Amino acid sequence: MGCNSCSTGKDGQPRGCKNNGTCGTDGCNKLTVFDWLSNMSLPNGQQPFDCVEVRFKNSRKEFYRNSENLSLSIGDIVATQAKSGHDVGMVTLSGELVKVQMKKKKVDLKSEEIPKIYRRASQKDIDKWQRCRDKEEEIKKRAREIAILLKLQMKISDVEFQGDGSKATFYYTAEERVDFRQLIKDMAKAFGIRIEMRQIGYRQEAQRLGGIGSCGRELCCSTWLSDFRSVSTASARYQQLSLNPQKLAGQCGKLKCCLNYELDVYLDALKDFPPQDAKLATEKGIAFCQKTDIFKGALWYSYKDDPANWHELTSNQVQEILEKNKKKIKVPSLEEYAADNLREEEVVFENVVGQDSLTRFDRPKRQNKKRKNKKRRNYKKRPARNA
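A quick note: this is a predicted structure, and the numbers were derived from the prediction, not measured.

**A few points about the sheet that holds strand 7 (residues 167-173)**
With mixed pairing, 3 strands are arranged side by side in an open sheet as 6-7-8. At either end of the open sheet lies a strand with only one pairing partner, and these are strand 6 (155-161) and strand 8 (194-199). Averaged over all pairs of adjacent strands, the angle between their axes in this sheet comes to 25°, without regard to strand direction. In this structure, strand 7 lies alongside strand 8, joined through 6 bridges in parallel fashion. For F170, the partnering residue across the bridge sits in strand 8 and is M197. Set on the sheet, helix 4 (residues 181-191) makes contact with strand 7 and strand 8; between it and strand 8 the angle comes to about 140°.

Structural data, given as structure tokens:
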């Protein structure tokens, strides 16, 4: 959903709008909702919904009431109501889909507390807003230096200015509760603006900053994932993944959200499998489960006295052995069941396109040895040269 001609230019920047992913067409922004009702007209007599969705820096979105009945479309820059002053944002969604999004996020449609849209942003508002955004990186660096001087155990990850430049919101992460009263006084004195501190989690920090995951794609939390569900190590155990923190952790330092994507499929497949802690009683001894392969429907068991030798059994075979064990019947051995699963598959390559043999350029080793021996004999038979 990128804008037209948004390929890479000579300097590595997007060739289209050159705004590095924050283009005015709202086609390549974070957590963009596709308006699939944009080409459909409303039924006769129905009034358009009077609320719109406005996006601010990164993924922060809020709903505003269009009380002035302005003709707004996606990508318009508007001045919105704030607690004090006004803010500037971009319209990302309008029409009936806003009603669906508000119901999804449990926002009352008829609430009087929904803020209003003042007007379309003028060029003066946009210039002031852009100047404030240009100062954010410098102020964030200075705020981190002040926090280090005060020896506060916190990390300031992002700064967001209000549209009129009267207030700045500092987002930070911390393991424990932080007393930042002195920090606010020092920053207000240094920057001359009102300061608001807002603590966020490590997943929210990764969502705001963005990045590339180990899969090679942009982070899910910064592109489409809007709710964060708890992820536990049990999700990795059910999927037979190695419990390696470096492999399972994302850029936020927490377990990857994608561990939950296929968890339901694995749980449904494991319903047909016997429990992994089930023991098989045989005449050769008790066997324990060592490994499970859900895709192949196989389990590997080994005897208690010989844990190094694993025997592959199917889930049906294990269920059959467990049923016999319930009747206090011991099977002779696991080898009898594992022998039925061993199949010798011969791989046959056929020349279907009429090509020559792939080994036609290979020379037998015997010919090479013969040639070497012949050269040695000829070298010995040569007459010695007189000095």
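Back to the text.
**Some words on helix 8 (residues 263-270)**
Those residues of helix 8 that sit buried are L263, Y266 and L270. Looking straight down helix 8, one finds its buried side chains confined to an arc of 65°; they lie on one side. In helix 8, the exposed positions that point more than 90 degrees away from the buried face belong to D264 and V265. Check the buried side of helix 8 and you find it contacts helix 6 (233-238).

**Concerning the environment of S67**
Position of S67 relative to the elements: it lies in the loop between strand 2 (61-65) and strand 3 (77-81). Along the sequence, S67 and C51 sit 16 residues apart, while their C-alpha atoms lie 8.3 Å from each other.

**A few points about empty space enclosed by the protein**
Under the criterion given, the structure shown has 1 cavity of 30 Å³ or more. Each pocket or cavity is described by its volume, and for the largest cavity that value is around 70 Å³. Elements with a minimum of two residues in the lining of the largest cavity: strand 4 (86-94), helix 2 (123-134) and strand 6. Its residues placed into classes, the lining of the largest cavity shows 4 nonpolar, no polar and 6 charged.

**Description of the packing of aromatic side chains**
Under the criterion given, the structure shown has 5 aromatic pairs. Centre to centre, the rings of F170 and F191 are 6.4 Å apart; their planes meet at 15°, and the pair counts as stacked. Taken together, the positions of F170 in strand 7 and F191 in helix 4 put the pair 21 residues apart, joining distant regions of the chain. Just as F170 is buried, F191 falls in that class too. Between Y172 and F180, the ring centres sit 5.6 Å apart and the planes meet at 70°, which makes this aromatic pair edge-to-face.

**Observations concerning the pattern of salt bridges**
For the coordinates displayed, the defined rule picks out 23 salt bridges. The residue D50 makes a salt bridge to R65 at a minimum N-O spacing of 3.0 Å. Placement of the pair is D50 in the segment before strand 1 (51-55) and R65 in strand 2, with a sequence separation of 15 residues. Judged by relative accessible area, D50 falls into the partly exposed class, the value being 30%. Under the relative-accessibility criterion, R65 is labelled buried at 16%. Between R120 and D76 there is a salt bridge, and its shortest N-O distance comes to 3.2 Å. In this pair, R120 is assigned in strand 5 (residues 117-120) and D76 in the loop between strand 2 and strand 3, connecting sequence segments 44 residues apart. Overall, R120 belongs to the partly exposed group, its relative accessible area being 40%.

**Concerning helix 4**
All buried positions along helix 4 are accounted for by L183, M187 and F191. All buried residues of helix 4 lie within an arc of 40° about the axis, which places them on one face of the element. Exposed and facing more than 90 degrees away from the buried side of helix 4 are R181, K185 and K189. On its buried face, helix 4 is in contact with helix 3 (136-149), strand 7 and strand 8. G192 sits one or two residues past helix 4 and shows a positive phi near 70°.

Thresholds applied
- Residues numbered from 1 in each chain as written.
- Predicted model: local features only at pLDDT ≥ 70, side-chain atom pairs only at ≥ 80, totals over all residues.
- Heavy atoms only, no water.
- Pairing = 2+ DSSP bridges.
- Helix = DSSP H or I, 4+ residues; strand = E, 2+ residues; numbered from the N terminus.
- Axes fitted to C-alpha atoms, helices over the stretch in contact; angles between N-to-C directions.
- Contact = heavy atoms within 4.5 Å.
- Buried < 20%, exposed > 50% of the residue type's maximum accessible area, 1.4 Å probe, protein only.
- Arc of directions from axis to C-beta.
- 1 Å grid on protein atoms, 1.4 Å probe; cavity = no way out; pocket = protein on both sides within 12 Å on 5 of 7 lines; lining within 4 Å.
- Points joined across faces, edges and corners; volume = space filled by probe spheres on them.
- Nonpolar A, V, L, I, M, F, W, Y, C, P; charged D, E, K, R; others polar.
- Phe/Tyr/Trp six-rings, centres within 6.5 Å; stacked < 30°, edge-to-face > 60°.
- Salt bridge = Lys/Arg side-chain N within 4 Å of Asp/Glu carboxyl O.

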